[in-house]
Structures are given as structure tokens and as C-alpha cells.
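In case you want the letters, here they are:
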Amino acid sequence: MANIDESFRKSDRVLKRGIFLSAHQSRHVRRSRHFVVVELKERAGERKLGITASRRVGNAVQRNRVKRLIREFFRRNKSKIKNDAYFIVIAKKNSHALTYDEVFNELSRSMFKK
RNA sequence: UGAGCGAACCAGGUGAUCGCUGCUCGCUUUAUUGCGAGGGGAGGAAAGUCCGAACUCCACAGGGCAGAGCGCCGGGUAACACCCGGUGGGGGCGACCCCAAGGAAAGUGCCGCAGAAAAUAUACCGCCUUCGUUUCGUCUUUUGGCGGGGCUGAAGGUAAGGGUGAAAAGGUGAGGUAAGAGCUCACCAGUAGUCCGGGUAACCGGGUUAGCUUGGUAAACCCCGCUUGGAGCAAGACCAAAUAGGGAAGCGCUAAAGGACUGCCCGUCCGAAGCUUUCGGGUAGGUCGCUAAAGGCUGCGGGAGACCGCUGACGUAGAUGAAUGAUCACCGCCUGAUAACCGGUAACGUUUAUCAGGAACAGAAUUCGGCUUACGGGGCGCUCAGACG
RNA sequence: GGCGGUGUAGCUCAGAUGGUUAGAGCAUACGGCUCAUAUCCGUAGUGCCCGGGGUUCAAUUCCCUGCACCGCCA
């Protein structure tokens, strides 16, 4: 267990606005009950996470909580997630009351390796 | 027990595992690259952005007008529209709370409908007088006299009474009159002037004089007094790919257009072409600004208080697709139910245990001082009502 | 983060600059025209003027405060 990398640095994050905007054109979209997961496969060999939580999700506290839960899921399950794409996770407006277990169940279906 | 008022306070805790982000130290790397250790890491409102400042740039922030803001008095403060104390007014049985609270006799405007009339008062009904006309009664031989009534009648006097309205030009009583009226008088209310006393002042108390009385609205224009240049950390400074060819400085010329300084005027500055010198300017991106602060706390002193002075130790988040977290365990808190002990006739209360549920509002973005709004909790002091003793 | 603006009929907008009366177009319903539909003509309905408080006799309008939406600034 000690060797598994569960860190989450800036190199694991999507930092540029242009990449977020390019997600609108992507074809690799998976929709679930509370999230939309977009895969950007052009950047093979890198695995990064970007999160979008607009004001429709809730106030700042609720948006921060949703983003932290998604980040936590990504961090703890990096070894199981496909490592050849950028993932943009968009939170829907009904996602503000989720727990970590619910986030895990939902996102593991969309993002884990087959 | 119930209802309520006030001023403060807290904003779950501990541990384990896995993370995020600054700082310090050590090692390391081309490179704050990577590793390790230590230590720090959201709020009372961080919110709304409603005021006030610090700070930065615009010219060193200029003159006048306009505009904007404020508006009882005194004090506090860096400043304020904030705070404290008081005055006046209003609300509440009360504890206590609320008030944009200068001027309406400087001027202008507005006051729908209703009503006679809505601000120089007026005169619809009514009341009264005179005249005209008509009719009845009565006296007289008659002309006519006296008395009463009427008129879509005329002229005049009134404002007591009437209804309307948010508001009707002081109120009550007496005198007075043809009828009436502050027309006169007494008392009361109110206004203005003046005098005395108290208070730093707002203002309060009392006397006296006047006219007998001058509606509301300034969160309508306005007048008076005070304050006020504009933008805002996405301010601003620096480094600097790609792309495009220009940018900067000086000379020159100062007329105009234009631009900057504030909306306007004044004033000031820049400003065409040309020549010379020079290589920078700048988007993406990055660095600085960036956290030590009109700081809170302890003690002493001053003050009625806001607050001030001295003293001591403390050193308190700095992210930038944006950190400050996730999971688990235990403890603590609140609510409800059940049970037990104790107190009590009882309602019920304290404590303990078990079960179930809950834990609000909300996330720094340059930084402070306020205001406003959202919201969980327990204790303290006080008021009113009821019950029991 | 900062700055600015807008909320009026089902929809798009007027409105009064200065308080007392809420309007237009489209849409809807009904009637007429037509064999029928559309067009056209006529008639009608409709508003807590974004919420709360204040000033005023009276507020959609003036003032304060909250909510929602929109735009601009590197």
C-alpha cells in the first residue's frame, strides 16, 4: 500500500482555460445522474483532471465541497483510472448534497479502466 | 411556567490514515526541481458591495460653476452616513425600542375626487336688512296705515349653523348685534418678540408684550451650513514566447482639429508633417504589489461612555481553474421517546441510562473601520402575566 | 474581485420630466366574412407594476433595504 501514489499536484490538474473550452467539442462524453465526464484523448500519455462547478450547483461552500469530493476520488484511484486522457468533470446542479461514497459509485463507472 | 427586553460570548473537540498550500531549515537539482523535518493555514458574518479610509495611477490634484453627499446638540475617531452621551418627538402596561430630527413668516410649485370654498380665503344652502311685487288678516268712507306669509325677484350685510374631505383659517363660555363674527372680554391651546433663571449646546422652566392665529408637502424645486477631483489591486510596476512592423526620446512648429487633467468654462499639458538619435513596445504567460495591521490581548491609570494614555509579552492565511480537505473511531452538544432514582399531593423538575434523529448561516481574493442582510447554541441581567407557598 | 444596468399583461416593450387616470403591439377567446382554413374586420378578458419597510392624505413612480437577471474591466 505504501507505494501507491495518492498525491495530487499541479501537474495532475488542468490549469488552462482553453482546454476547458475545447471540452465542448469533444465527442467522448459520459453523462450520469449528477455529473458529465468529458475525455480529451488528444493528449496521450498524460492524465489530468479538471472540474467545472458553475453557480447553478450552489453557493461557494457547496461548489467547493463537490470539487473536493471529485478531487478526492481522482487522487485515491489514480491507478485504476485510464492514463491516456484529460478528464473534465462537470457538476450538475443537483450534485451539491452528495457523499463521497455516492461520488465514488458514480464516477468509477465513467472513468475506470475496462 | 409562559411571553418579552438588553448586553456580551461560543461557532464542536481529540486521535489515526491519505492529501493540498505558503513559510523556515537541511540535503539535492540545469531549475523552488525533488525529498525530509518543523511550524502556519477561513468568518462572525469571510456575504451584500451600502458608506468611510489606507494604498496606487491619472499633472504636484489648479480656480469657478454645476453635480453629489450629509443635516437636533456635544463628544469619540485616520475617516464616516459609524459609535457614545444628551435634547426633542413617537411607540409599548413595562424592561426598553424607533426617528434623513435645519429652514414652509426668502421665493416658486403641487394638494386628484368630493366640497360653497384647498390658501391673496370664498360665499352654495342658510340667517338678516332694505327695495320691488303679490297675497291674507285687521283698522278706516276712501287714499292709505299696521301686522303676517310668499317670490327661480333685485341690492346689500354676514360667516354662528350645514354637508365634503387627509386637511376647512384657534377651542369653550359670556357680552354684543338686524343677523353675526377675536368684534370685545375671561380661561385654555399655539406662534413670534423680549426679559429672568438653568445648561458648553440642542433645549428646558418662568414672566411679559403683541397680533388675536400666519394649513400640509423640502425622501418637490429650493434656501442655509458643512464635506467633496477622477478611477480603482482586473489600481499599478517589472520580466517576456509566437505574431505584426513599428515604438520611444530629442529638435522643430505652434494656428486648428483632436486628446489628457472632471460634467461645463477657465487654465495647464500633450499633440501633424519633417529631421536626428535609439531599440524597444507588447499579447499569451510569469514576477512584484501580497500581507505587520489607524493589530488584537494582559495589567495599570483617566473618562459617565464611545474611547484615550502608559506598560508587558505575542507576531496571526496568502490561494490564482483558485489551497485550508476526505474517510473512520471515540467524546461532547441539541431535540424527541422510554425507563429508573430523588424532590413534590399533583402538574412537573434535576440527574442517569437506552434508542432514534439533528448540528445552522456560510468560504478569504489588496487591507482596515463601520452598516446591512442570513443564521445555530447555551448562560447572565431585567420586565410583564399567571399558578403555588 | 471591482464597476454599471434592468425587473410593468402569457411574450416584447411604453409610462409620468413633475405623485392621485396603467397603455401599445403580438398572442388568447368569441363573433363576422368563407363551402372550409388562413388573411382581414369587430368585440372582450388580463396586471399585489420583483419582495419588504419608510416619507406622504395618497407610491408602479420618491427614499432605504433584500432578491433575481444582464453587461463591462486584465
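Structural data are supplied above this passage.
Residues numbered from 1 in each chain as written. Chains lettered and ligands numbered in written order. Predicted model: local features only at pLDDT ≥ 70, side-chain atom pairs only at ≥ 80, totals over all residues. Heavy atoms only, no water.

J.: Teacher, can you tell me more about the packing of aromatic side chains here?
T.: How two aromatic rings sit relative to each other is given by the distance of their centres and the angle of their planes. Applying the stated criterion across every chain yields a total of five aromatic pairs. A ring pair is formed by Phe 8 and Phe 74, whose centres lie 5.8 Å apart and whose planes are at 80 degrees; its orientation type is edge-to-face. With Phe 8 in the segment before α1 (17-22) and Phe 74 in helix α2 (residues 60-76), this residue pair connects regions lying 66 residues apart in the sequence. In terms of burial, Phe 8 and Phe 74 fall into one category: buried. Their ring planes at 80 degrees and their centres at 6.2 Å tell us that Phe 104 and Phe 112 sit as a pair that is edge-to-face. Given the relative accessible area of 19%, Phe 112 is considered buried. Connected via pairs of aromatic rings, a cluster forms that spans Phe 73, Tyr 100, Phe 104 and Phe 112. (Phe/Tyr/Trp six-rings, centres within 6.5 Å; stacked < 30°, edge-to-face > 60°. Helix = DSSP H or I, 4+ residues; strand = E, 2+ residues; numbered from the N terminus. Buried < 20%, exposed > 50% of the residue type's maximum accessible area, 1.4 Å probe, protein only.)

J.: Where do I start with the protein's contact with RNA strand B in this structure?
T.: Every one of the 23 residues lining RNA strand B counts as a neighbour, but Glu 6, Phe 8, Arg 13, Val 14 and Arg 75 are closest to it. Sugar plus phosphate, as a fraction of atoms of RNA strand B within 4 Å of the protein: 70%. Arg 68 is positioned such that a nitrogen or oxygen atom in its side chain is 2.9 Å from a phosphate oxygen of RNA strand B. One of the side-chain N or O atoms of Arg 75 is found 2.5 Å from a sugar or linking oxygen in RNA strand B. Broken down by secondary-structure element, the contributors of at least two residues to the surface near RNA strand B are α1, β3 (48-52) and α2. Considering each element in turn, the surface near RNA strand B owes the most residues, nine residues, to α2. When grouped by side-chain class, the residues that make up the surface near RNA strand B number nine nonpolar, four polar and ten charged. (Near = heavy atom within 4 Å. Polar contact = N/O pair within 3.5 Å; in protein donor to acceptor, adjacent residues only side chain to side chain. Nonpolar A, V, L, I, M, F, W, Y, C, P; charged D, E, K, R; others polar.)

From the geometry alone we can't say anything about function, so treat these as descriptive.
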